[in-house]
Amino acid sequence: MNNRQSFALLRLRHPIFHTVAMFLALLGAVGPALSVEPAESSFQTVVVAEGLEHPWGMAFLPDGRMLVTERPGRLRAVTAAGQLDPRPVSGLPSIAAVNQGGLLDVALHPDFAKNGWLYLSYAARGTGGYGTEVLRARLDGHALRDVKVIFSMRPKTVSGHHFGSRLVFDRQGYLYITLGDRGEMERAQRLDDHAGSVIRLHDDGRVPVGNPFVDRQGALPEKYTYGHRNIQGAALHPESGRLWIHEHGPQGGDEINIIRAGANYGWPVITHGRNYVTGTRIGEGTAKPGMEQPLLQWTPSIAPSGMAFYTGDEFPAWRGSLFVGALRGQMLVRLELDGERVVSEERFLEGKVGRIRDVRSGPDGRIYLLTDEARGRLIRLDPVPGTGRLTSRPL
């Protein structure tokens, strides 16, 4: 099955879904946040916290609290009971909240319970303009201490676009940092430039000796892959432990990719997307020897952001699925997998909760979402008892 056939398969919808929805519409069945759910499960949406200004990333603390980043430059804590602490965490460096930039992702060290290290990615001002940086620090009450910048993107430029950035630790303790091309597409093919790359580091910022470009003259040794446009979703596969990412295409051509050391993912030489406004072709086509093909591509674009493999027990029918948030599509996408092959797609909450910026599988077995709005919300998906396909719940 080729990419075009695979994509056509993914766009299928359950006939029952449409039949039930049309029947209820004809009857005038209107209710708050009506959700038609697939046969295998049902959920209700619960607003855990609101009043967050363009929230971007989240992490679950061992004590039951959550940390949530706000793009304008604030790190907030949310209690297990859903109370948003009015005092932002202090001690952050200067954040460049310019256009798409600002405070971005947050991640905990795999041994956080022992060492207390947390990591933040953000846009920072420096020589030549702006770029993505990563710090590590310890949380001490309402403040960060022992703050150290462990990665600084170079070169920095005046563009306000495509900063990335997600943070993921693998099972060996390496830290992966995803970056965008900064809106300057040709940079993604340069090995002496951080733009359009996945970076791999030790937890303290040192470069692993096993990185693929360590011994390549003229290449930045921290680069792990290149040829990416703007990666805003990353997660480890629960079985293989491999890093999966998704990235924004231009006008179409959003991609899901599996990261392989030293690989070139093609942007902007190959893409399924088109130039904005004109719709003209970008690069040389959709495939080229030596460049990776996406596992899946979306045309038209859904503008993906945030992704998580579901490994909990609350939604057993979804275990092993990959969930992707969508900004342009304002929806949650579930991809059912067979190994490294996508076999079906379902779309939930279309137009109901807004632009979904981040998706996480929580330690309680629920699924958590962040909505990218001036008054953004932290939303939880809870299972609904029984096997009914239709639920109506207030948001």
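Bear in mind the structure is a predicted one, so any value in this text is a computation, not a measurement.

1. Overview of the overall build of the chain
So, step 1. Check the secondary structure of the chain and you find three helices and 25 strands.
So, step 2. When each of the 395 residues of the chain is scored for burial, the buried share is 54%.
So, step 3. Sequence-distant contacts, at least 24 apart, represent 58% of the contacts inside the chain between residues at least 6 apart.
So, step 4. By element, 50% of the accessible surface of the chain is carried by carbon and sulfur atoms, the whole surface being about 16,500 Å².

2. What about the side chain of D372?
So, step 1. Here D372 shows up in the loop between β23 (367-371) and β24 (376-383).
So, step 2. Within the local environment of D372, its side chain forms a polar contact with the side chain of H54, the two groups lying 2.7 Å apart.
So, step 3. Residues contacting D372, with those up to four places away along its chain left out, are H54, P55, L327, R355 and R357.

3. Brief notes about unusual backbone geometry
So, step 1. With an omega dihedral of 10°, the bond running from G164 to S165 counts as a cis peptide bond.
So, step 2. The residue S165 is located in the loop between β9 (143-152) and β10 (167-169) in this model.
So, step 3. Here the amide bond leading from T299 into P300 is cis, since omega sits at 5°, within 30 degrees of zero.
So, step 4. Checked against the element boundaries, P300 lands in the loop between β17 (296-298) and β18 (304-309).
So, step 5. Unusually for a residue other than glycine, R182 sits at a positive phi of about 65°.
So, step 6. When you line up the elements, R182 lands in the loop between β11 (175-178) and β12 (197-201).

4. Concerning the sheet that holds strand β21 (residues 341-348)
So, step 1. Read from one edge to the other, the open sheet built from four strands follows the order β18-β19-β20-β21, with strand pairing classed as antiparallel. In this open sheet, the two edge strands, each paired with only one partner strand, are β18 and β21. Going from strand to strand, the sheet's axes swing by 25° on average, the running direction of each strand aside.
So, step 2. With five bridges joining them, strand β19 (residues 322-326) and strand β20 (residues 331-338) adopt antiparallel strand pairing. Along β20, the bridge assignment pairs V324 with V333.

5. So, the sheet that holds β12
So, step 1. On the basis of which strands lie adjacent, the open sheet formed by four strands has the order β10-β11-β12-β13 and antiparallel pairing. Unpaired on one side and paired on the other, β10 and β13 (223-226) mark the two borders of the sheet. Between one strand axis and the next, the sheet turns through 20° on average, direction left out of account.
So, step 2. Sheet topology places β10 next to β11; three bridges connect them, and they run antiparallel. Opposite V168, over in β11, you have Y176 as the bridge partner.

6. Quick look at the side chain of D105
So, step 1. Along the chain, D105 turns up in strand β6 (residues 103-108).
So, step 2. Each residue touching D105, except ones within four places of it in the same chain, is listed here: W56, G57, M58, T69, Y119, L120, S121, S165, R166, L167 and R360.

7. Structural notes on the nonpolar core
So, step 1. Residues L67, L75, L103, L118, L120 and L144 are the most contacted members of the largest nonpolar core, which totals 19 residues.
So, step 2. When residues of this core are traced back to their parent elements, those giving at least two are β5 (74-78), β6, β7 (117-126) and β8 (129-140).
So, step 3. By residue number, the principal contributor to this core is β7, which donates four residues.
So, step 4. Other than its neighbours up to four places away in sequence, L67 contacts G57, M58, A59, L61, L75, R76, A77, V106, L118 and L139.

8. Some thoughts on the environment of V384
So, step 1. As for its position among the elements, V384 is in the loop between β24 and β25 (390-392).
So, step 2. V384 gets classed as buried once you look at its relative accessible area, which sits at 14%.
So, step 3. In the structure, V384 is positioned 70 residues away from E314 in sequence and 9.7 Å away in space, judged by C-alpha atoms.

9. Details of the pattern of salt bridges
So, step 1. One pass over the structure, following the stated rule, counts 31 salt bridges.
So, step 2. Measuring nitrogen to oxygen at the nearest pair gives 2.5 Å for the salt bridge that ties E53 to R74. Taken as a pair, E53 in the loop between β2 (43-52) and β3 (55-60) and R74 in strand β5 lie far apart in primary sequence, 21 residues in all.
So, step 3. Overall, E53 belongs to the partly exposed group, its relative accessible area being 33%.

10. Section: the packing of aromatic side chains
So, step 1. The tally for this structure, following the rule as stated, stands at 11 aromatic pairs.
So, step 2. The interplanar angle of 70° and the centroid separation of 5.1 Å between the aromatic rings of Y119 and F169 together place this pair among those described as edge-to-face. Taken together, the residues span a long stretch of sequence, with Y119 in strand β7 and F169 in strand β10 at a distance of 50 residues. Like Y119, the residue F169 is buried in the burial classification.
So, step 3. What links up through ring pairs into an aromatic cluster is the set F43, Y310, F315, W318, F323 and F348.
So, step 4. Above the face of the W117 ring, R136 is positioned so that its terminal group lies 3.8 Å from the ring centre.
So, step 5. The residue whose ring lies beneath R138 is W117, and the NZ or CZ to ring-centre distance is 3.8 Å.

Thresholds applied
- Residues numbered from 1 in each chain as written.
- Predicted model: local features only at pLDDT ≥ 70, side-chain atom pairs only at ≥ 80, totals over all residues.
- Heavy atoms only, no water.
- Helix = DSSP H or I, 4+ residues; strand = E, 2+ residues; numbered from the N terminus.
- Buried < 20%, exposed > 50% of the residue type's maximum accessible area, 1.4 Å probe, protein only.
- Contact = heavy atoms within 4.5 Å.
- Areas by Shrake-Rupley, 256 points an atom, 1.4 Å probe, with all protein chains shown as cover.
- Polar contact = N/O pair within 3.5 Å; in protein donor to acceptor, adjacent residues only side chain to side chain.
- Pairing = 2+ DSSP bridges.
- Axes fitted to C-alpha atoms, helices over the stretch in contact; angles between N-to-C directions.
- Core = buried A, V, L, I, M, F, W, Y, C linked by side-chain atoms within 4.5 Å.
- Salt bridge = Lys/Arg side-chain N within 4 Å of Asp/Glu carboxyl O.
- Phe/Tyr/Trp six-rings, centres within 6.5 Å; stacked < 30°, edge-to-face > 60°.
- Lys NZ or Arg CZ within 6 Å of the ring centre and 35° of its normal.

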